[in-house]
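# Report on the structure
Listed here are the chains, written in short residue letters.
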Amino acid sequence: MALKKKKVSARRAHVRRTMSPERFARVTAFANSTLPVALVVMFVFIAASTAVLSLDAAGGKLFDPSVPMFKPWPQIAAVGGVILVICTATALYVGHYQPRIMRRPTRTMALAGLFLVLLAITKFISMDRGMTYLATGTAVTCAIVLTIAYDQRFAIGLTMFYAALASLIFYTLDGAATIELMLIMLVGSLTCCFSLKEIRTRMKIIEVATLATVVVFAVTMCLGILRQRPMPLLFKTSGWAGGITFVVGVVLQGFLPMIERVFGIATSMTLMDYSDANQPLLRKLAMDAPGTFSHSLLIGSIAEAAAEAIGANGLLSRVGAYYHDIGKVNKPPYFIENQMGSVSRHEQLSPAMSQLVIVGHVKDGIEIAKEFGLPSVLRQFIETHHGTTLIEYFYHEARKKQADRDTPVSETEFRYPGPKPKTKEAAIVMLVDTVESAVRSMTELTPMRIEVIVHNMAMKRLQDGQFDECDLTLRELSTIENSISKSLAAHYHGRVAYPKSPTEPVDDSSKHPAVAGRK
């Protein structure tokens, strides 16, 4: 008996034909993204950590050739199942709070490598029952490194996941001791995360480690008293837990540059080093383009105040503003702040050629930054401080000469190549750079006129889509406008004219046509 073919309505058939290309597009987008690489790293980590945690290292049996190296297969499967659940939860947490890690395979591998190394160290410690409390140092290490690389909330969450993984190593030894060790790990880690907001001094990590040492020692003593340990053993275990916490802080202080390089970050201490005027790149900017250097210093102070007003990183905004225009050192006379009253060189160039020179300072700045080894967190200010904005002056100049061209002038030809700002700090520097230039070109400035200019320029950048790729809200943009207006009004404040002496000769140089023409 032949099966009857089910009738499908024309509307449903049309829906199915439409959905098929959409599904294929989603599959193609998934295959071309970095998510498959992140999934591969995750499964490799699960396999490697399962192998590490399944080693039978109790009592030093790991190096005994007569004893199997791994635990029985049922236990290995059980360990793998628990690790799979914990790693899945960790991946969801990372994808929700730090999605950029998923988009950058190097960050994913760095995070997985950190966890794997710390788990291997913890497994080695578990070979000696008397050194169990040294495992506290691995959790503290995880907390400090992640707080430096990311932020406090993310570090707290990831350290909890790590503590759950590390506790599996001691689970078969003593259930009560495992819970006790996990509590000590969490206490030490939370203390480090909450007390380590930023590193502005070279002693910061050691100060944090000292505080965590006191807390870990006290908590270990309390838990030991609850378990009715003898006093000598109590001081021994508390000393191991507290001592390793302090040692970890001292060691990580020395490895701080390596941590910054592996995770591609720059701590506040590093940023303060780059804000020094004796840095080779800033010194070169001050010597070759003094007008640009002065302009960058002013933008830095204004941007710092605006960033701090919305809770962003003010130090990063200030230091990023110092370096945002370093590309101008290649052709200083082509930028008005460095012309020192001389004739503009753009008068001898066509608008299209002038546009190439102006846009070139962004590309030159990126190359100079790479040559001087500027951190990537500062290079973003060079790339994005103009976004994809229009070079309006030369665009309008080209429009005036449009009659000499066969094709109309396109805005695309006179726009910066981008990219647009991706962080609040970069967006603030872009806005301050634009506003300061506009205010500097005005005469008879008043606080009200400055507020109008700042608001108009902010709305212009907003409507042009320059803030589309950063997490800037309208409320934050309004707060930034108020801060910039106050800073500019304070900088361009009026002055009382000094009284002239009756015997002082009258200066009539301003009436001379040659002098007046240069003003």
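Here's what I pulled together on the structure shown here. (Residues numbered from 1 in each chain as written. Predicted model: local features only at pLDDT ≥ 70, side-chain atom pairs only at ≥ 80, totals over all residues. Heavy atoms only, no water.)

## Remarks on the overall build of the chain
Regarding its fold elements, the chain presents 22 helices and 0 strands. The buried share of the chain, reckoned over its 519 residues, is 45%. In the chain, once contacts between residues fewer than 6 apart in sequence are set aside, the share between residues at least 24 apart is 72%. (Helix = DSSP H or I, 4+ residues; strand = E, 2+ residues; numbered from the N terminus. Buried < 20%, exposed > 50% of the residue type's maximum accessible area, 1.4 Å probe, protein only. Contact = heavy atoms within 4.5 Å.)

## With respect to empty space enclosed by the protein
In this structure the tally under the stated criterion is 1 cavity of 30 Å³ or more. Here the largest cavity is characterised by a volume of approximately 30 Å³. Its residues assigned to classes, the lining of the largest cavity comprises 3 nonpolar, 3 polar and 1 charged. (1 Å grid on protein atoms, 1.4 Å probe; cavity = no way out; pocket = protein on both sides within 12 Å on 5 of 7 lines; lining within 4 Å. Points joined across faces, edges and corners; volume = space filled by probe spheres on them. Nonpolar A, V, L, I, M, F, W, Y, C, P; charged D, E, K, R; others polar.)

## Focus on the state of the cysteines
Scanning the entire structure with this criterion turns up 0 disulfides. Of all cysteine sulfurs in the structure, the one in Cys193 sits closest to Cys142, which takes part in no disulfide; the separation is 8.2 Å. Residue Cys142 is classed as buried on the basis of its relative accessible area of 0%. (Disulfide = S-S within 2.5 Å.)

## Notes on unusual backbone geometry
Outside of glycine, negative phi angles account for most residues, and trans bonds account for most peptide bonds. The residue after Gly418, namely Pro419, is reached through a cis peptide bond having omega 5°. Secondary-structure assignment places Pro419 in the loop between helix H18 (392–400) and helix H19 (424–440). Within the chain, Gln228 stands out as a residue other than glycine whose phi angle is a positive 60°. Tracing the backbone through its elements, the reader meets Gln228 in the loop between helix H9 (204–226) and helix H10 (231–254). Under the relative-accessibility criterion, Gln228 is labelled exposed at 71%.

## Examining the nonpolar core
With 66 residues, the main nonpolar core has Tyr323, Leu378 and Ile484 as its most contacted residues. The contact partners of Ile484, leaving out residues within four places of it in the chain, are Ile302, Ala306, Leu431, Val432, Val435 and Val454. (Core = buried A, V, L, I, M, F, W, Y, C linked by side-chain atoms within 4.5 Å.)

## Overview of the layout of surface pockets
Quantified by volume, the largest pocket comes out at close to 2,100 Å³. Along the walls of the largest pocket sit 47 residues, with Arg100, Tyr150, Leu316, Thr423 and Glu425 positioned nearest its centre. When contributions to the lining of the largest pocket are tallied by element, the ones reaching two or more residues are helix H4 (99–103), helix H6 (136–149), helix H7 (152–170), helix H12 (268–274), helix H15 (314–323), helix H17 (376–384) and H19. Split into classes, the residues belonging to the lining of the largest pocket amount to 16 nonpolar, 13 polar and 18 charged. Size it by volume and the second largest pocket reaches roughly 1,000 Å³. Looking at the second largest pocket, it is lined by 29 residues, and the ones nearest its centre are Ile336, Ile391, Tyr393, Tyr416 and Ser437. The set of elements that each furnish at least two residues to the lining of the second largest pocket consists of helix H16 (351–371), H18, H19 and helix H20 (447–463). Examining the composition of the lining of the second largest pocket, we find that 5 residues originate from one element, H19, more than from any other. Class assignment for the residues of the lining of the second largest pocket results in 11 nonpolar, 10 polar and 8 charged.

## Here we look at the environment of Leu271
Counting through the fold element by element, Leu271 comes out in helix H12. Between the C-alpha atoms of Leu271 and Arg318, which are 47 residues apart in sequence, the distance is 9.3 Å. With residues up to four places along the chain from it excluded, the contact list for Leu271 reads Ala266, Leu315, Leu316, Val319 and Leu378.

## Thoughts on the packing of H6 against helix H11 (residues 256–263)
For the pair H6 and H11, interaxial distance at closest approach is 10 Å and the crossing angle is 60°. Relative to H11, the element H6 is oriented oblique. Both H6 and H11 take part in a crossing whose hand is right-handed. Two secondary-structure elements touch here, H6 through Val145, Ile148 and Ala149 and H11 through Leu256, Ile259 and Phe263. (Axes fitted to C-alpha atoms, helices over the stretch in contact; angles between N-to-C directions. Parallel < 35°, antiparallel > 145°, perpendicular 65-115°, else oblique. Left-handed = near helix turned anticlockwise from the far one by under 90°.)

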